[in-house]
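Structure assessment
Single-letter residue listing:
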Amino acid sequence: MKAIRGAITVDKDSPAQIKDAVGQLLSEMVARNSVNSDQIVCIMFTNTVDIKSYYPAKAARECGYSHCALFSSAEPEIVGSLERCIRVMMLVESDKMPSHVYLKEAVSLRKDITKIINIALDGPAGSGKSTVSKMVAKRLGILYLDTGAMYRAIALKCVRDNADYCDKDAVKNIVNKLNLTIDYKDGKQITLLDGEDVGELIRTPQVSLLASYVSAYSFVRTKMVELQRRIASKFSCILDGRDIGTNVLPSCEFKFYLTASPEVRAKRRYEEEIAKGTNLSFEDVFKEINERDFQDKNRAIAPLTQAADAILIDSSSMTAEEVAEAIVTKVRENM
Ligand code: DC
């Protein structure tokens, strides 16, 4: 018999959120431990006192776990405890080492017994990395680290300070005094430049192209890679970028290289731009994608290339859900 531990937090004390969270937590525990339902002996829950609207055990029964013994109770009120947290212990008939699962804010709880998972997702612009990364992060209850946002923030700073990206010393000066912070709110990345959330401002075509140019400087990469490694060493996350599998985390367990034909990638970006209300032509977007591809693949330091041990996924005729499903399945199989 083995005991698998787990915990998850909810943003709001509502029956719908509690049911969702319990379902997500239990299915993740079952998937990561390759447990069959007839191996589950019992599931015991506790919850912090601020959860009052639904019994986690009832939610588990409704999620299909009624064949085993279920129990839930409230914890004492402890000062400084995590808010709206559901903790669980699942007893299973198994000899395997348990893989404990802590999701959302609960990742901070038991770093001593949980394994940090890092997933590297590299590929060219428009291959669908960020859409897929968000889906994978949500399904696995891990963070999404958008590394491109860091290079984009430097590019935005160059625009704001009127620094010419070709002037190495001017860019170096910007990087030396850079005030860039990556934070998370409700599981979403917040990119703060000089204390301001620049999440939207870094998405213009001008900043995109400039980011590709400034990211070629070695001093830019050294600083950003250091920050990326620091975040990845502390949190389970999927990192998307150009050099994650080859350079940032070369010994990462899960590496994927996502691509699609230049026409398909340009079409996706073009549709995004149209949805935003910009009046760029398809030709403009196609030209920008090709220019960025060339620049990203041909720079001297950490160019975009598939790591030898990365799994190649061509998403030209796949939906983002299909790509995310392929990644989640592969990760769960090898956890
Ligand atoms: O993924 P993105 O389009 O947001 O990235 C913007 C630019 O930043 C991209 O053209 C190349 C650069 N980049 C990089 O060099 N290394 C990364 N890990 C991520 C992005």
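Look up a bit, the structure's there.
Residues numbered from 1 in each chain as written. Predicted model: local features only at pLDDT ≥ 70, side-chain atom pairs only at ≥ 80, totals over all residues. Heavy atoms only, no water.

1. A word on the packing of aromatic side chains
Defined as follows: Only the six-membered ring of Trp is used, alongside the rings of Phe and Tyr, when aromatic pairs are assigned; centres must lie within 6.5 Å, and planes under 30 degrees apart are stacked while those over 60 apart are edge-to-face, with the rest tilted. Here a strand is any run of E in DSSP of at least two residues, a helix any run of H or I of at least four, and the numbering for each starts at the N terminus. Working definition: with a 1.4 Å probe on protein chains only, accessible area under 20% of the residue-type maximum means buried, over 50% means exposed, and in between means partly exposed.
Within this structure, the stated rule accounts for 4 aromatic pairs. Taking the centre distance of 4.9 Å and the plane angle of 45 degrees together, the rings of tyrosine 165 and tyrosine 213 count as tilted. Highlighted residues: tyrosine 165 in the loop between helix H4 (148–160) and helix H5 (168–176) and tyrosine 213 in helix H6 (residues 205–214), separated in sequence by 48 residues. Of the residues examined, tyrosine 165 reaches a relative accessible area of 30% and is grouped as partly exposed.

2. Let's talk about the site of the ligand
As a reminder of what qualifies: The criterion for a residue being near a molecule or strand is simple. One of its heavy atoms has to lie within 4 Å of it. Here a polar contact means two N or O atoms within 3.5 Å. Within protein one must be a hydrogen donor candidate and the other an acceptor candidate, and residues neighboring in sequence count only if both atoms are side-chain atoms. Where accessible areas are quoted, they stem from the Shrake-Rupley method and a 1.4 Å probe; at the residue level, only the protein chains shown are allowed to cover. Any residue that is not Ala, Val, Leu, Ile, Met, Phe, Trp, Tyr, Cys, Pro, Asp, Glu, Lys or Arg is counted as polar, Gly included; the first ten are nonpolar and the last four charged.
The local shell around the ligand holds 15 residues, among which Arg152, Arg221, Arg242, Arg292 and Arg299 are the closest. A distance of 3.3 Å is found between an oxygen atom of the ligand and a side-chain nitrogen or oxygen belonging to serine 215. A distance of 2.9 Å is found between an oxygen atom of the ligand and a side-chain nitrogen or oxygen belonging to arginine 292. For the ligand, the protein covers 97% of the area, taking 440 Å² as the surface of the free molecule. Residue assignment for the shell around the ligand shows that the elements contributing at least two residues are H4, H6 and helix H10 (282–298). Residue contributions to the shell around the ligand peak at 3 residues, all from H4. Counted by class, the shell around the ligand contains 3 nonpolar, 5 polar and 7 charged residues.

3. What about the layout of surface pockets?
The cut-off we apply is this: Cavity means a closed set of points on a 1 Å grid over the protein atoms alone, one where a 1.4 Å probe fits but cannot get out, pocket means an open set with protein on both sides within 12 Å along at least 5 of 7 lines, and lining means a residue has an atom within 4 Å of a point. Grid points are joined across faces, edges and corners, and a volume is the space filled by probe spheres set on the points.
The computed volume of the second largest pocket comes to approximately 340 Å³. Around the second largest pocket, the lining is made up of 20 residues, and of these Arg32, Asn33, Met97, Pro98 and Ser99 lie nearest the centre. Residues of the lining of the second largest pocket, tallied by class, amount to 8 nonpolar, 7 polar and 5 charged.

4. Some points on the packing of helix H1 (residues 15–32) against helix H3 (residues 129–140)
What counts, and what does not: The axes used here are C-alpha line fits, helices contributing only the stretch in contact, and every angle between their N-to-C directions lies in the interval 0 to 180 degrees. If an angle is under 35 degrees, it is roughly parallel; if it is over 145, roughly antiparallel; if it lies from 65 to 115, roughly perpendicular; otherwise it is oblique. Pairs of residues are marked as contacts when any of their non-hydrogen atoms sit within 4.5 Å.
Two elements in contact, H1 and H3, have axes whose closest approach is 9 Å; the angle formed by their N-to-C orientations is 90 degrees. Between H1 and H3, the crossing angle belongs to the class labelled roughly perpendicular. Touching Gln24, Glu28 and Arg32 of H1 are Lys138, Arg139 and Leu140, all from H3. Broken down by class, the residue content of the contact of H1 with H3 amounts to 1 nonpolar, 1 polar and 4 charged.

5. Here we look at the environment of glutamate 322
Checked against the element boundaries, glutamate 322 lands in helix H11 (residues 320–333). You can call glutamate 322 partly exposed: its relative accessible area is 42%. Residues glutamate 322 and valine 132 lie 190 residues apart in sequence; the distance between their C-alpha atoms is 9.1 Å.

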